[in-house]
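# Inside the fold
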Amino acid sequence: MDKPLTKPRIAAFEITRRCPLHCRHCRAAADPHTQDVLSTQDCISILSALASSHRCLVILTGGEPMERSDFFSILQAGTKAGLRMALAACGRYLDDSAARRLKKEAVLSISFSLDGADAQTHDDFRASPGAFETVLKAIETARKAGLTFQINTTLTRQNLHEVDRIARLCEQLGASCWNPFVLVPVGRGEQIQDLLLEGEEYESLLESLCRIKQHLSIQVRLTCGPQFVRLCRQANLPKADKVSGCLAGRDFVFISYRGDVQPCGFLEISAGNLLERSFDSIWSRSPLFQSLRQTSNYKGACGRCSYLSICRGCRARAYAVYGDYLQQDPVCLLAQPQRGNQQ
């Protein structure tokens, strides 16, 4: 193990795979008719198991978490257990009443998604007419209620040309942070693997995000784009040492709609189930987590890369494309044949 084992700062808990939208990239392939696997008590037990081990930040996610009629009971249970609670929502159910309840429950932040700078791009990506208007209305509702919110954007070839416009829109809307995600082709995302960025496109995107990070008045973070840490350091950006590579199995953990503990939501391999085992035993003893933490096991360009210790590549994207989570990240420029001599 190349670093001392710590417990995760952030856990995402997928309490449902129901959602009113039908997004093209959805890793959960969520739909409105999926039946919930975990009962209210199961969800509460999982939160208690996590809290007894480590009181981290927990993001309730899905699907759409507010699809569950017991959503606020689950939220309250997490808060009562001493966990810091956040929410990832599509915005469909965030009216003034719900916003006040979230504020009362001291929700730290809400994540909304904007995958385009206008309705045409966003609604097409979300396969839901009116989705853009819905999320803008929810953002305004959250803002009026004094709730902190961030905006997530999944970046593909489809919306790459709108990066600057999306960033400015997030700033104008009053988000605390803009958090782009780089596509991982899992779930319904398998059907749009042709929209996955190639090496040169990806490198150009990272350079653009470095520039945006320097000038945007709000925070800019990148998820599923661990090579961003390399670009930030090469550009000598202020606080570049605060930019992280892949957090899976180190600072971040994902709990699935079945209670399975996974390195992240995009790498759907179970390290153990929280209804059957303690979090500590899963986190510290799982062969899956141990292999992810042992970077000397990494293969291909990632295994040879001088930036491995800070980047680690996207393990989920390696698994989605090569069927091996220890393989190289397929979108990284340094993994392309013509750059092989620069590893």
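The structure under discussion appears in the preceding block.
Now for a quick tour of the structure.

## Here we look at the nonpolar core
F13, V58, L102, I110 and W178 are the most contacted members of the largest nonpolar core, which has 108 residues in total. In this view, W178 contacts I151, T153, V163, I166, A167, C170, L209, I212, I218, Q219, V220 and R221; residues no more than four positions away in its chain are not counted. Membership of the second largest hydrophobic core comes to seven residues, among which are C19, L21, A28 and A30.

## Overview of the packing of aromatic side chains
In this structure the tally under the stated criterion is five aromatic pairs. Each ring, one from W283 and one from F289, has its centre 5.2 Å from the other, and the planes form 55°; the classification is tilted. Relative accessible area serves as the criterion here: at 2%, W283 is assigned to the buried category. You can call F289 buried: its relative accessible area is 0%. Relative to Y325, the ring of Y319 lies with its centre 6.5 Å away and its plane at 45°, an arrangement referred to as tilted. On the basis of relative accessible area, Y325 is assigned to the buried category, the value being 18%. Taken together, F279, W283 and F289 form an aromatic cluster joined through their ring pairs. In this arrangement the basic side chain of R101 is found over the ring face of F72, its NZ or CZ atom lying 3.9 Å from the centre. The residue whose ring lies beneath R315 is Y298, and the NZ or CZ to ring-centre distance is 4.4 Å.

## Description of empty space enclosed by the protein
On inspection of all chains with the given rule, the structure shows two cavities of 30 Å³ or more. Empty space within the largest cavity amounts to approximately 120 Å³. By residue class, the composition of the lining of the largest cavity is nine nonpolar, three polar and three charged. The space that makes up the second largest cavity amounts to roughly 70 Å³. Around the second largest cavity, the lining residues are L21, A89, C90, R92, S113, H122, R126, A131, T134 and V135. Among the elements of the structure, helix 4 (119–126) and helix 5 (131–144) are those that each provide at least two residues to the lining of the second largest cavity. Among the elements that take part in the lining of the second largest cavity, helix 5 stands out by supplying three residues, more than any other. For the lining of the second largest cavity, the residue count by class is five nonpolar, three polar and two charged.

Each value, and the rule that gives it
- Residues numbered from 1 in each chain as written.
- Predicted model: local features only at pLDDT ≥ 70, side-chain atom pairs only at ≥ 80, totals over all residues.
- Heavy atoms only, no water.
- Core = buried A, V, L, I, M, F, W, Y, C linked by side-chain atoms within 4.5 Å.
- Buried < 20%, exposed > 50% of the residue type's maximum accessible area, 1.4 Å probe, protein only.
- Contact = heavy atoms within 4.5 Å.
- Phe/Tyr/Trp six-rings, centres within 6.5 Å; stacked < 30°, edge-to-face > 60°.
- Lys NZ or Arg CZ within 6 Å of the ring centre and 35° of its normal.
- 1 Å grid on protein atoms, 1.4 Å probe; cavity = no way out; pocket = protein on both sides within 12 Å on 5 of 7 lines; lining within 4 Å.
- Points joined across faces, edges and corners; volume = space filled by probe spheres on them.
- Nonpolar A, V, L, I, M, F, W, Y, C, P; charged D, E, K, R; others polar.
- Helix = DSSP H or I, 4+ residues; strand = E, 2+ residues; numbered from the N terminus.

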